[in-house]
Amino acid sequence: MRFDNRVVVVTGAGNGVGRAHALAFASRGAKVIVNDLGGSASGKGSDTSAADNVVAEITALGGEAIANHDSVTEGEKVIKSALEAYGRIDVLVNNAGILRDTAFHKMTDENWKIIYDVHVMGAYSPTRAAWNLMREQEYGRIIFTTSASGIYGNFGQTNYSAAKLGIYGFAQSLAIEGRKKNIFVNTIAPMAVSRLTQNLMSESMSEMIRPELVSPLVLKLCHESSVENGGLYEAGAGWFAKLRWERAKGGRLGINQDISVDNLEEIWDQVVDFSQSEHPRSTAEAGKTPLRIS
Ligand SMILES: NC(=O)c1ccc[n+]([C@@H]2O[C@H](COP(=O)([O-])OP(=O)(O)OC[C@H]3O[C@@H](n4cnc5c(N)ncnc54)[C@H](O)[C@@H]3O)[C@@H](O)[C@H]2O)c1
């Protein structure tokens, strides 16, 4: 699978998972914009060497890349550097991220807001800047990076979970809007050792979940041959799986009976019973069962 003549922007590519994606794209012929602000894992400070080092790695291996040191919250500058260097953008991998973990009873407005800014605004801003270009050229592949913490919840990560699942909702609507223009949007939830996760991992586990083991999924979803759109995938340790919503068949009130909390209590077993579940894929499909449309 080659990416010759494709221009790929990877945000937060100075470390961890983003670095692995950038190296993987470059090794298959893509021209890569390595974006990274170079701050700490909690989003403090900045350092140009994070992006520069990855560009040096790529060029030493015979690949083509340039560095961009802007924050993802200033997406126009990130996309502009792709246009200035290579004249187009084909793939955008929204990956940059930080953590400000704290139990909710100790949450500050600052720690809530910065996580929203980097993850949600930092995915919105480059995507907005690239979107009309992709529409005009009728081609684009976009990846959003969510987290198991957003999908399943995690202690101490209310700010991060809210932002990460917000990104998924964003991606789902964007996938619908992009489809007709051959712009496909997918979301990944990686599991990899990085400076965000290294304190949680033993040495043997770290070896199992190297960041580069996530990148094949991103390359597959971003290739011109891919028809996947609006998907959510988990990946780590060489394991890849697609997720979907599951909804119980549910219970219905209203035929010869009041719709009240007492009657709801009587059918509660049906409301929470997944033995005859369905998997709605759109708001239209989701609306059929309550409205009795077959
Ligand atoms: N590592 C995991 O297991 C894991 C799990 C779930 C989700 N994620 C997500 O994967 C993504 C990559 O994380 P990672 O684990 O590789 O962490 P990492 O810290 O190694 O890499 C993140 C990179 O983003 C950069 N960055 C942060 N804020 C930025 C900004 N405002 N502008 C530009 N660059 C910025 C950092 O400098 C860093 O190089 C993040 O979105 C993270 O939330 C990671």
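Residues numbered from 1 in each chain as written. Predicted model: local features only at pLDDT ≥ 70, side-chain atom pairs only at ≥ 80, totals over all residues. Heavy atoms only, no water.

Interhelical geometry of helix H1 (residues 16–27) versus helix H8 (residues 215–222) gives an angle of 55° and a closest axis separation of 9 Å. In terms of axis orientation, H1 runs oblique to H8. Considering the relative orientation of H1 and H8, their crossing is right-handed. Taken together, the residues of H8 that come into contact with H1 (itself represented by Val 17, Ala 20, His 21, Ala 24 and Phe 25) are Ser 215, Val 218, Leu 219 and Cys 222. For the contact of H1 with H8, a count of residues per class yields seven nonpolar, two polar and no charged. (Axes fitted to C-alpha atoms, helices over the stretch in contact; angles between N-to-C directions. Helix = DSSP H or I, 4+ residues; strand = E, 2+ residues; numbered from the N terminus. Parallel < 35°, antiparallel > 145°, perpendicular 65-115°, else oblique. Left-handed = near helix turned anticlockwise from the far one by under 90°. Contact = heavy atoms within 4.5 Å. Nonpolar A, V, L, I, M, F, W, Y, C, P; charged D, E, K, R; others polar.)

This next bit is on the site of the ligand. Taken together, 30 residues sit near the ligand, with Asp 36, Asn 95, Tyr 160, Ser 194 and Arg 195 positioned nearest. The separation between an oxygen atom of the ligand and a polar main-chain atom of Gly 97 is 3.5 Å. Interatomic distance of 2.5 Å between a side-chain N/O atom of Tyr 160 and an oxygen atom of the ligand. Contact with the protein chains removes 96% of the 820 Å² of surface that the ligand exposes when unbound. Elements with a contribution of two residues or more to the shell around the ligand: H1, helix H4 (109–137) and helix H6 (158–178). Classifying every residue of the shell around the ligand by side-chain character gives eleven nonpolar, 15 polar and four charged. (Near = heavy atom within 4 Å. Polar contact = N/O pair within 3.5 Å; in protein donor to acceptor, adjacent residues only side chain to side chain. Areas by Shrake-Rupley, 256 points an atom, 1.4 Å probe, with all protein chains shown as cover.)

Attention shifts here to the pattern of salt bridges. For side chains of opposite charge, pairing can occur when their charged atoms come near one another. For the structure shown, the criterion picks out 15 salt bridges. Close ionic contact of Asp 90 with Arg 6 constitutes a salt bridge, the shortest N to O distance being 3.1 Å. Taken together, the residues Asp 90 in the loop between helix H3 (75–86) and strand E4 (91–94) and Arg 6 in the segment before strand E1 (7–10) connect sequence positions 84 residues apart. The same class applies to Asp 90 as to Arg 6, namely buried. Between Glu 212 and Arg 210 there is a salt bridge whose closest N-O contact spans 3.3 Å. With a relative accessible area of 30%, Arg 210 lands in the partly exposed category. Taken together, the shared-partner salt bridges in this structure form one network comprising Arg 6, Arg 88, Asp 90 and Glu 224. (Salt bridge = Lys/Arg side-chain N within 4 Å of Asp/Glu carboxyl O. Buried < 20%, exposed > 50% of the residue type's maximum accessible area, 1.4 Å probe, protein only.)

Okay, the nonpolar core next. Among the nonpolar cores identified, the biggest contains 31 residues, and Val 10, Ala 22, Phe 25, Val 32, Val 34 and Ile 58 are the most heavily contacted of them. With six residues, H1 is the single largest residue contributor to this core. Contact partners of Ala 22, with chain neighbours within four places excluded, come to Val 10, Ala 13, Val 32, Val 34, Val 54 and Ile 58. With 21 residues, the next largest nonpolar core counts Val 7, Val 78, Tyr 86 and Leu 92 among its residues. (Core = buried A, V, L, I, M, F, W, Y, C linked by side-chain atoms within 4.5 Å.)

This part is about the packing of H3 against H4. Packed helix pairs are characterised by how far apart their axes lie and by the angle those axes make with each other. Two elements in contact, H3 and H4, have axes whose closest approach is 6 Å; the angle formed by their N-to-C orientations is 45°. By the criterion of interaxial angle, the relationship of H3 to H4 is oblique. Seen from H3, the contacting residues are Gly 75, Glu 76, Ile 79 and Leu 83; seen from H4, they are Ser 125, Pro 126, Ala 129, Ala 130 and Leu 133. Across the contact of H3 with H4, the residue classes tally to six nonpolar, two polar and one charged.

Here the focus is the environment of Gly 156. Inspection of the secondary structure puts Gly 156 in the loop between helix H5 (148–152) and H6. Exposure remark for Gly 156: the relative accessible area of 13% places this residue in the buried category. Along the sequence, Gly 156 and Lys 106 sit 50 residues apart, while their C-alpha atoms lie 9.3 Å from each other. Discounting chain neighbours no more than four positions away, the residues touching Gly 156 are Asp 101, Thr 102 and Ala 103.

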